[in-house]
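# Geometric and topological summary
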Amino acid sequence: GNSVTQMEGPVTLSEEAFLTINCTYTATGYPSLFWYVQYPGEGLQLLLKATKADDKGSNKGFEATYRKETTSFHLEKGSVQVSDSAVYFCALRYSGGGADGLTFGKGTHLIIQP
Amino acid sequence: GAVVSQHPSWVICKSGTSVKIECRSLDFQATTMFWYRQFPKQSLMLMATSNEGSKATYEQGVEKDKFLINHASLTLSTLTVTSAHPEDSSFYICSAKEAREAYEQYFGPGTRLTVT
């Protein structure tokens, strides 16, 4: 079946540090890949996406590249801010019982200290 | 941006009773709504997909007679947990999608259900 594995948290960094959150997936066919972010007290928000191999998704300084050969979609940001503190979820979209249903990783809690 | 609300945000009920959770799209018409369940420190698991005016499609292993989903209008879907048991205690999250959107789902803030 389809699955997403992402690094366990919490991840604690200082402001302006470089961020990498690893995400790998297992899927049949060619899924679309997503990163969602959840700020405290809010619902999940789409951060970025990539729909085919070698695509790079980017938003708000975050980037992730769809690597088919390593089945990975690692999230990176060059200089994090305190406001980036949140829970980040890697996800894939598959054509299962629900045509747009998402399979999520467990989430990585990111804490940025000033 | 598009907003999805859930009500209630948390609920406590006794074993054997039923509880209804509402999911509303506030500023757009949601042709498709999804219900997810999240256990502590676990990922979100898709429970079912509902399209307005039709029966929900349940994921394998999800009891459709226990988790009743209704999507009667383009702005409202409900999840009813029938004859609740303590193992049904969880965080339930809905998301909604417009017909014109290829990829983006808008998520509600979630509902914490505790069954005593």
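You'll find the structure just up there.
Heads up: these notes are all about the structure in this document. Given the structure is predicted, the values throughout are model-derived calculations rather than measurements.

Frequently, the measure chosen for interface size is the accessible area removed from exposure when the parts meet. Tallying the contact residues gives 21 residues for chain A and 19 residues for chain B. Between chain A and chain B, roughly 1600 Å² of surface is buried when both sides are summed, and carbon and sulfur atoms account for 58% of that area. Applying the counting rule to chain A against chain B returns 0 salt bridges. Applying the counting criterion to the chain A and chain B interface returns 2 residue pairs in polar contact (both at pLDDT 80 or more). Taken together, the elements giving at least two residues each to the side of chain A that touches chain B come down to strand S5 (32-38), strand S6 (45-50), strand S10 (86-93) and strand S11 (102-104) of chain A. In terms of residue count, the dominant contributor to the side of chain A that touches chain B is S5(A) (3 residues).

Below, the discussion takes up the nonpolar core. Counting residues in hydrophobic clusters, the biggest one holds 42 residues, and the most contacted among them are Trp35(A), Tyr36(A), Phe73(A), Tyr88(A), Phe104(A), Tyr36(B) and Phe107(B). No other element matches the 6 residues that S10(A) contributes to this core. Residues Val11(B), Cys23(B), Met47(B) and Cys94(B) belong to the second largest nonpolar core, which totals 24 residues.

Moving on to the sheet that holds strand S8 (residues 76-81) of chain B. Residues and elements named next belong to chain B. Overall, antiparallel pairing links the 4 strands, which are arranged S1-S3-S8-S7 in an open sheet. Of all strands in the sheet, those with a lone pairing partner are strand S1 (4-7) and strand S7 (67-73), marking the two edges. Taking each pair of neighbouring strands and ignoring which way they run, the sheet shows an average axis angle of 15 degrees. Here S1 runs beside strand S3 (residues 19-25); their pairing, made up of 4 bridges, is antiparallel.

All names here are of chain A. Inspection of the secondary structure puts glutamine 6 in strand S1 (residues 3-6). Looking at glutamine 6, its side chain comes within polar contact range of the side chain of threonine 108, at 2.9 Å. Those residues in contact with glutamine 6 that lie beyond four places of it in its chain are Ile21, Asn22, Cys23, Trp35, Tyr88, Phe89, Cys90, Gly105, Lys106, Gly107 and Thr108.

Enumeration over the complete set of coordinates arrives at 11 aromatic pairs over all chains. Ring plane angle 55 degrees and centroid distance 5.8 Å describe the contact between Tyr36(A) and Phe104(A), whose orientation is recorded as tilted. Here Tyr36(A), found in strand S5, pairs with Phe104(A), found in strand S11; they are 68 residues apart in sequence, far enough to count as distant. Their ring planes at 90 degrees and their centres at 6.1 Å tell us that Phe89(A) and Phe104(A) sit as a pair that is edge-to-face. Residue Phe89(A) is located in strand S10, and its partner Phe104(A) is located in strand S11; the two are separated by 15 residues in the primary sequence. Cluster of aromatic residues (ring-pair linked, three or more members): Phe34(A), Tyr36(A), Phe89(A), Phe104(A), Tyr36(B) and Phe107(B).

Per the counting criterion, the structure on display carries 2 disulfides over all chains. What pairs with Cys23(A) in a disulfide is Cys90(A), and their sulfur atoms sit 1.9 Å apart. An S-S torsion of about -70 degrees defines the bridge between Cys23(A) and Cys90(A) as left-handed. Taken together, the positions of Cys23(A) in strand S4 (residues 23-26) and Cys90(A) in strand S10 put the pair 67 residues apart, joining distant regions of the chain. With a relative accessible area of 1%, Cys23(A) lands in the buried category. Residue classification places Cys90(A) among the buried positions, given a relative accessible area of 1%. The disulfide that involves Cys23(B) links it to Cys94(B), with 2.0 Å between the sulfurs. Judged by the sign of its S-S torsion, about 80 degrees, the cystine formed by Cys23(B) and Cys94(B) is right-handed. Here Cys23(B) is found in strand S3, whereas its partner Cys94(B) is found in strand S9 (residues 90-97), with 71 residues between them in sequence. The exposure class of Cys94(B) is buried, given its relative accessible area of 0%.

Rules behind the numbers
- Residues numbered from 1 in each chain as written.
- Chains lettered and ligands numbered in written order.
- Predicted model: local features only at pLDDT ≥ 70, side-chain atom pairs only at ≥ 80, totals over all residues.
- Heavy atoms only, no water.
- Contact = heavy atoms within 4.5 Å.
- Buried area = accessible area lost by both parts, 1.4 Å probe.
- Salt bridge = Lys/Arg side-chain N within 4 Å of Asp/Glu carboxyl O.
- Polar contact = N/O pair within 3.5 Å; in protein donor to acceptor, adjacent residues only side chain to side chain.
- Helix = DSSP H or I, 4+ residues; strand = E, 2+ residues; numbered from the N terminus.
- Core = buried A, V, L, I, M, F, W, Y, C linked by side-chain atoms within 4.5 Å.
- Buried < 20%, exposed > 50% of the residue type's maximum accessible area, 1.4 Å probe, protein only.
- Pairing = 2+ DSSP bridges.
- Axes fitted to C-alpha atoms, helices over the stretch in contact; angles between N-to-C directions.
- Phe/Tyr/Trp six-rings, centres within 6.5 Å; stacked < 30°, edge-to-face > 60°.
- Disulfide = S-S within 2.5 Å.

Read these as geometric descriptors, not functional statements.
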